[in-house]
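Geometric and topological summary
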Amino acid sequence: MIDRVIYKVLWVDDQEEIVESTKTDADAFGIELDHYTNWQEAEVALRNNFDDYTAIILDAYCKIESTEDIKDVFIGAVLPKLHIVFGEKKKSIPWYILSAGTMNDFSRTIELAEYQKRHEEWGPMLYLKDAPDDDPKSSYVLYKNIRNVGKEKTNNIILFRHLDVFSYLGRDKLIDERARKLMLKMLGALYAPEENLKYDYAGNPLRKVLEYVFRAARKIGVLSDDCFGKNDHIVLQRASMYLAGMNIEFREGEEVTLKIRWGKPGKNKDGTGGDCVLASDSAMMVKNIINYSSSDSHTTEKEQYLIDEQNKELFFGYVMQLCYIIKCFGKYADEHPNVEENKKMQQVYIPKETTKSDDIKNK
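Right, let's walk through the structure included here. Note that the structure is predicted; figures quoted are calculated from it, not measured. (Residues numbered from 1 in each chain as written. Predicted model: local features only at pLDDT ≥ 70, side-chain atom pairs only at ≥ 80, totals over all residues. Heavy atoms only, no water.)

1. Considering the overall build of the protein chain
Within the protein chain one finds 14 helices and nine strands. In the protein chain, which comprises 363 residues, the proportion classed as buried is 47%. Intrachain contacts of the protein chain at a sequence separation of at least 6 include 64% that bridge at least 24 residues. When the accessible surface of the protein chain is totalled, it reaches about 19,500 Å², and 49% of it is carbon and sulfur. (Helix = DSSP H or I, 4+ residues; strand = E, 2+ residues; numbered from the N terminus. Buried < 20%, exposed > 50% of the residue type's maximum accessible area, 1.4 Å probe, protein only. Contact = heavy atoms within 4.5 Å. Areas by Shrake-Rupley, 256 points an atom, 1.4 Å probe, with all protein chains shown as cover.)

Right under this line is the structure:
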């Protein structure tokens, strides 16, 4: 099932009693409020998940640190910190004030923050929690404004264009949220290169996303533990062959000691033509991505992955193929939700000492 686009918003407010009702109101507009009761914790989330946020909502009077009392100077203290983060990230996120109190005290704050320069782009800044829905300062108007502004944000454009891909990526979804971040960055470099001039990956991001796909396959029972080596390291070629329905052989010297495959074998010499998780077109894409990214697979954590201008069309071609692979794998997972039944399809063949005939058994 394809999800709608969700606009994730960082929300800082100390009133715990209004959290659930406010989140419900925002959800009606496709807005997910990531709530924090103080700026200290919110700033950590902002730095770690900067590109995930469409906007920021600040209470007018709140806590700067979790252990202190509410500060009248909250906005004045937070805005300089906010702009430091913007400077470090070389991007700005629209921010708004939603308060239960008067807004008269913030006119000078707005001027100091030079918010008026962004007013046309971001819309009005000040909103009241208790204003009626038809009031231009109501929270409902704020949510509409955020949604309209969010439609122009690169990440949200990507999420809209690739809803069927990102429905499988993220927290509590089929594939790890780290794969979501990687896909957003790669697609961001394709759709908005001027916003993504620097890559800070260790190793090839294409390869990393494939690894998360393979780990998801293992989790739902369609990838054998035998496709993993020491320290839980994924043997990529072995994993890709296994999901493609090919026979995987383990040898000691010249002797085959173990053979594994997914499901019933086919008639081809390599074992294909039978059951598989990834059809031949997806399997070939996986193989090509692994071959393309193999030269960058052993970079250190301090090294950066840069897109080669000469080969950028090739790189982005593989990014789009990776979108297709994720959709195909996700569709298979949707159609095969029973993990225990999936595990029964994992086949193992152990040669007998007295015969050369195959002995295919369920694991």
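Once the structure has been displayed, the description carries forward.
2. Focus: the layout of surface pockets
Its volume calculated, the second largest pocket comes out at about 490 Å³. In this structure, the second largest pocket is lined by 27 residues; those nearest its centre are Ile-6, Glu-32, Leu-169, Lys-173 and Arg-180. If you list the elements that add at least two residues to the lining of the second largest pocket, you get β3 (53-58), α7 (154-161), α8 (163-166) and α9 (177-191). Here the lining of the second largest pocket takes four residues from α9, the largest share from any one element. Its residues assigned to classes, the lining of the second largest pocket shows eight nonpolar, six polar and 13 charged. (1 Å grid on protein atoms, 1.4 Å probe; cavity = no way out; pocket = protein on both sides within 12 Å on 5 of 7 lines; lining within 4 Å. Points joined across faces, edges and corners; volume = space filled by probe spheres on them. Nonpolar A, V, L, I, M, F, W, Y, C, P; charged D, E, K, R; others polar.)

3. A look at the pattern of salt bridges
With the rule as written, the count across this model stands at 16 salt bridges. Of the charged contacts in the structure, one is a salt bridge between Lys-181 and Asp-52, with a shortest N-O distance of 3.1 Å. Taken as a pair, Lys-181 in helix α9 and Asp-52 in the loop between α2 (39-48) and β3 lie far apart in primary sequence, 129 residues in all. Of the residues examined, Lys-181 reaches a relative accessible area of 29% and is grouped as partly exposed. (Salt bridge = Lys/Arg side-chain N within 4 Å of Asp/Glu carboxyl O.)

4. Looking at the environment of His-233
Inspection of the secondary structure puts His-233 in the loop between α10 (205-219) and α11 (236-243). Sequence separation of His-233 and Glu-211 is 22 residues, and the distance between their C-alpha atoms is 9.5 Å. Sequence-distant contacts of His-233, defined by excluding residues within four places in its chain, comprise Cys-227 and Phe-228.

5. Looking at the pairing of strand β8 (residues 346-349)
A two-sided burial pattern is seen for β8, the buried positions comprising Gln-346 and Val-348 on one face and Gln-347 and Tyr-349 on the other. The sheet contact formed by strand β7 (residues 255-262) and β8 spans four bridges and is antiparallel. When the bridges of β8 are listed, Arg-261 appears paired with Gln-347. (Pairing = 2+ DSSP bridges.)

6. Focus on the sheet that holds β3
What the five strands build is an open sheet, ordered β2-β1-β3-β4-β5; its pairing is parallel. If you trace the sheet from one side to the other, it starts and ends with β2 (31-36) and β5 (126-128), each paired once. Across the sheet, the axes of successive neighbouring strands diverge by a mean angle of 30°, strand direction being ignored. Of the strands in this sheet, β1 (7-12), β3 and β4 (95-99) touch helix α3 (residues 74-89), which is tilted by about 160° from β3. (Axes fitted to C-alpha atoms, helices over the stretch in contact; angles between N-to-C directions.)

7. Here we look at a nonpolar patch on the surface
Together, Leu-190, Tyr-191 and Met-320 line one region of the surface with nonpolar side chains, adding up to about 220 Å² of accessible area. Relative to the helices and strands, Met-320 resides in helix α13 (residues 312-335). (Patch = residues over 30% accessible without salt bridge, like charges linked within 9 Å, V, L, I, M, F, W, Y side chains within 5 Å.)

8. Concerning helix α12 (residues 280-293)
Taking 1.5 Å of rise per residue, the 14 residues of α12 would be expected to cover 20 Å, and the 20 Å separating its terminal C-alpha atoms lies within 8% of that figure. Among the residues making up α12, those that are buried are Ser-282, Ala-283, Met-285, Val-286, Ile-289, Ile-290 and Ser-293. Buried residues along α12 cover an arc of 160° about the axis, so they all sit on one side. Here the buried face of α12 lies against α10, α11 and α13. (Expected span 1.5 Å × (residues − 1). Arc of directions from axis to C-beta.)

9. Looking at the side chain of Lys-8
Topologically, Lys-8 is positioned in strand β1. Setting aside residues up to four positions removed in sequence, Lys-8 forms contacts with Glu-32, Asp-34, Asp-52, Tyr-53, Thr-54, Ala-55 and Arg-171.

10. Some details on the packing of α9 against α13
Where α9 meets α13, the closest approach of the two axes is 10 Å, and the angle between their N-to-C directions is 135°. Judged by the inter-axis angle, α9 sits oblique to α13. Once α9 is placed against α13, the crossing between them reads as left-handed. Mapping the contact onto sequence places Met-183, Met-186, Leu-187, Ala-189, Leu-190 and Tyr-191 in α9 and Phe-315, Phe-316, Val-319, Met-320, Leu-322, Cys-323 and Ile-326 in α13. (Parallel < 35°, antiparallel > 145°, perpendicular 65-115°, else oblique. Left-handed = near helix turned anticlockwise from the far one by under 90°.)

11. Some points on the packing of aromatic side chains
Counting across every chain of the model gives seven aromatic pairs. Ring plane angle 55° and centroid distance 6.5 Å describe the contact between Tyr-140 and Tyr-143, whose orientation is recorded as tilted. Placement of both Tyr-140 and Tyr-143 in helix α6 (residues 139-150) is noted, with a separation of three residues, approximately one turn of the helix. Chaining the aromatic ring pairs together yields one cluster made of Phe-29, Tyr-140 and Tyr-143. For Arg-161, the ring lying beneath its charged end belongs to Tyr-191, and the centroid distance is 4.7 Å. For Arg-218, the ring lying beneath its charged end belongs to Phe-228, and the centroid distance is 3.8 Å. (Phe/Tyr/Trp six-rings, centres within 6.5 Å; stacked < 30°, edge-to-face > 60°. Lys NZ or Arg CZ within 6 Å of the ring centre and 35° of its normal.)

12. Focus: α6
The end-to-end C-alpha distance of α6, which contains twelve residues, comes to 16 Å, matching closely the 16 Å that a straight helix rising 1.5 Å per residue would cover. Considered for burial, the residues of α6 that qualify are Ser-139, Leu-142, Tyr-143, Asn-145, Ile-146, Val-149 and Gly-150. What you see down the axis of α6 is that its buried residues fit within an arc of 160°, all on one side.

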